[in-house]
Amino acid sequence: MNNKERVIDLRQFFIYVWQNFVLVVLIGALSAGGLAFLGYKKQKDNLSRITSIHTIMNQNRESYFNSMKNYTDAHRPENTVESRAKLYLDYNIDGFDEGGKVDNNNIMTHLAYDAGSLCVSESALQNVIDKLDLRSYDDMKNITPYDLSWMVNKNVQGAHVMIIVVTDVNAKRAHDIAEAVTEEFVKNSKELGLVDNIQVIDEASVPDELIIGKGSINIKSIIKYFIVGGAAGVLFILVVLLLIFIIRDNVRTADDIEFAGLKKFADISLKQKRFAQDMKRLAVSIEGSDTGKIVVLAPVDKYSFSDKMVDSIEEAFKSLGLKAGVLSGDLSETIVSKDKLSKAVADNDYLIVVPDDMKNSADALIAARGGNDVILLTRYGKSRVNTLIKAGEEMAKVNAKIQGTVIVR
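Q: I tried to follow helix α6 (residues 171–191) on my own but got confused; where do I start?
A: Since the α-helix turns once every 3.6 residues, residues separated by three or four places project in the same direction. Here α6 spans 31 Å end to end across 21 residues, near enough to the 30 Å set by a 1.5 Å rise per residue. In this structure N170 caps α6, since a side-chain oxygen of it lies 3.1 Å from the backbone nitrogen of K172. Positive backbone phi, approximately 75°, marks G193, located one or two places after α6.

Dropping the structure here:
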């Protein structure tokens, strides 16, 4: 049992990342685009709310200072809602009589004006802002009592009824403001003696939620979201690739082979430019090693061997002035026939046996039994270290002489 500590080869990991470069870019781009879109949508909604709020304030301000400006519900900005509260006021008219010289209608007009002013007094609205923490909202970060006053309408009906109307882009917030303004007004009216009696007839209504529409976009903010999203996406896929790298634990270097308790014998690249030379190097290594005439090239799994290697073995040995015979594929009959095997050995300087992979066939073990020389074949980045370890253990059971391991790239 191998008790060695497994160490992550960062260089090989970054090569693995580079091999999955397209995936990294794709995930990074999707993450960047997704977060940028969310930032765009949030910003669009916020800016639309700010535009609507400013329109509400401007309309109410114009109506107040210019009697010629009358805005109806038809002029109310899109994406806004109203919350209404209705109060009954029994005004305190002491001090207005003056011997019956003041017209009663004038008295009620003045009192209604006082009530309206008291309703949106700076101190009252500041209390509302603080109580509801209105500046915590993105669209009300810098709101002042003066700004808020233009979101509150005071309508008098008859002599004793006043309606407080709050227009906003947030349904719940509109209700909360209307409720808070009403509470402040009731409290202040009693404390200042404006009324003998005041009652809330209708509590602040809760308007339906709405969907916010158009708005302007801050490009710098979108770029920021894009960069953060891209970085998060790349970090995510790097973590995933690292986990896959660790879990799969593929053979990549001589250190991986040594961890399996074996030694590296050679490298073979299947790329056209290097393949012929690498096969010659393999032949030289076999000739220079302490091997018998029979050498088994045993693929540990289905990834570890290529048919083009069979076709090149004879040429590689021929370049060294040696004759090599090759037995490959299904060898179940050949390797158990002493006559066939002896003839193949006698006719060649080397007999290279290439059985089917060890995961799917026992031919490699049969060919290697009795002390024959074995070179295990693994595929870079595909064969697993555990598979190599098991292959080495199985070969040891049949007393095979393992000369080393080849990494096929």
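Read on for the rest.
Q: Explanation requested: unusual backbone geometry in the structure shown.
A: A negative phi holds for most residues other than glycine; trans holds for most peptide bonds. Here the phi dihedral of D249 falls at roughly 50°; this positive angle occurs in a residue that is not glycine. By the element assignment, D249 lies in the loop between α7 (219–248) and α8 (254–259). Positioned with a positive phi, N399 is a non-glycine residue whose angle comes to about 60°. Considering the arrangement of structural elements, one finds N399 in the loop between α13 (385–397) and β10 (401–408). Judged by its relative accessible area of 58%, N399 falls in the exposed class.

Q: Would you explain the sheet that holds strand β3 (residues 161–168) in this entry?
A: Strand order in the open sheet made by the four strands is β2-β3-β1-β4, with antiparallel pairing throughout. In this open sheet, the two edge strands, each paired with only one partner strand, are β2 (152–157) and β4 (195–202). On average, each strand axis in the sheet is tilted by 25° relative to the strand beside it, whichever way the strands run. In this sheet, β4 lies alongside strand β1 (residues 81–91) in antiparallel orientation, the contact comprising six bridges. Bridged to Y91 within β4 is V195.

Q: Just to check I follow, could you spell out the side chain of D357 for this structure?
A: Within the secondary structure, D357 is located in the loop between β8 (350–355) and α12 (363–368). Lacking a salt bridge, the buried D357 has K359 as its closest oppositely charged neighbour, with an N-O distance of 7.4 Å. Excluding residues within four positions of it along the chain, D357 makes contact with P299, V300, D301 and K302.

Q: Help me understand the packing of helix α9 (residues 272–288) against helix α10 (residues 307–318), please; the structure alone is not making it clear to me.
A: Each pair of packed helices can be described by the angle between their axes along with the distance between the axes. Where α9 contacts α10, the axes come no closer than 9 Å and their chain directions differ by 60°. Between α9 and α10, the crossing angle belongs to the class labelled oblique. Note that α9 runs across α10; the crossing there is right-handed. Mapping the contact onto sequence places Q272, F275, M279, K280, A283 and I286 in α9 and K308, M309, S312, I313, A316 and F317 in α10. Considering only residue class, the contact of α9 with α10 consists of eight nonpolar, two polar and two charged.

Q: What exactly am I supposed to notice about the packing of aromatic side chains here?
A: What characterises a pair of aromatic rings is the spacing of the ring centres plus the angle enclosed by the ring planes. This structure, assessed with the given rule, holds six aromatic pairs. Relative to F21, the ring of W18 lies with its centre 5.0 Å away and its plane at 40°, an arrangement referred to as tilted. You can call W18 exposed: its relative accessible area is 61%. Feature note: the residues F13, F14, Y16 and F245 constitute an aromatic cluster, connected by ring pairs. A cation sits over an aromatic face here: K308 above F275, 4.5 Å from the ring centre.

Q: Whenever I open this one, empty space enclosed by the protein confuses me. Can you help?
A: Empty space among the atoms can be located by rolling a probe the size of a water molecule over them. All told, the structure shown has one cavity of 30 Å³ or more when counted by the stated rule. Space inside the largest cavity adds up to approximately 40 Å³. Around the largest cavity, the lining residues are M279, L282, A283, I286, L297, I313, A316, F317 and I352. Elements that contribute at least two residues to the lining of the largest cavity include exactly α9 and α10. Among the elements that make up the lining of the largest cavity, the one with the highest residue count is α9 (four residues).

Q: I tried to follow the environment of K264 on my own but got confused; where do I start?
A: Examined against the element boundaries, K264 turns out to sit in strand β5 (residues 264–268). Sequence-wise, K264 and V406 are 142 residues apart; in three dimensions their C-alpha atoms are separated by 6.2 Å. Not counting residues up to four positions away in its chain, the partners in contact with K264 are A254, I257, T405 and I407.

Rules of the game
- Residues numbered from 1 in each chain as written.
- Predicted model: local features only at pLDDT ≥ 70, side-chain atom pairs only at ≥ 80, totals over all residues.
- Heavy atoms only, no water.
- Helix = DSSP H or I, 4+ residues; strand = E, 2+ residues; numbered from the N terminus.
- Expected span 1.5 Å × (residues − 1).
- Polar contact = N/O pair within 3.5 Å; in protein donor to acceptor, adjacent residues only side chain to side chain.
- Buried < 20%, exposed > 50% of the residue type's maximum accessible area, 1.4 Å probe, protein only.
- Pairing = 2+ DSSP bridges.
- Axes fitted to C-alpha atoms, helices over the stretch in contact; angles between N-to-C directions.
- Lys, Arg positive; Asp, Glu negative; His and termini not counted.
- Salt bridge = Lys/Arg side-chain N within 4 Å of Asp/Glu carboxyl O.
- Contact = heavy atoms within 4.5 Å.
- Parallel < 35°, antiparallel > 145°, perpendicular 65-115°, else oblique.
- Left-handed = near helix turned anticlockwise from the far one by under 90°.
- Nonpolar A, V, L, I, M, F, W, Y, C, P; charged D, E, K, R; others polar.
- Phe/Tyr/Trp six-rings, centres within 6.5 Å; stacked < 30°, edge-to-face > 60°.
- Lys NZ or Arg CZ within 6 Å of the ring centre and 35° of its normal.
- 1 Å grid on protein atoms, 1.4 Å probe; cavity = no way out; pocket = protein on both sides within 12 Å on 5 of 7 lines; lining within 4 Å.
- Points joined across faces, edges and corners; volume = space filled by probe spheres on them.

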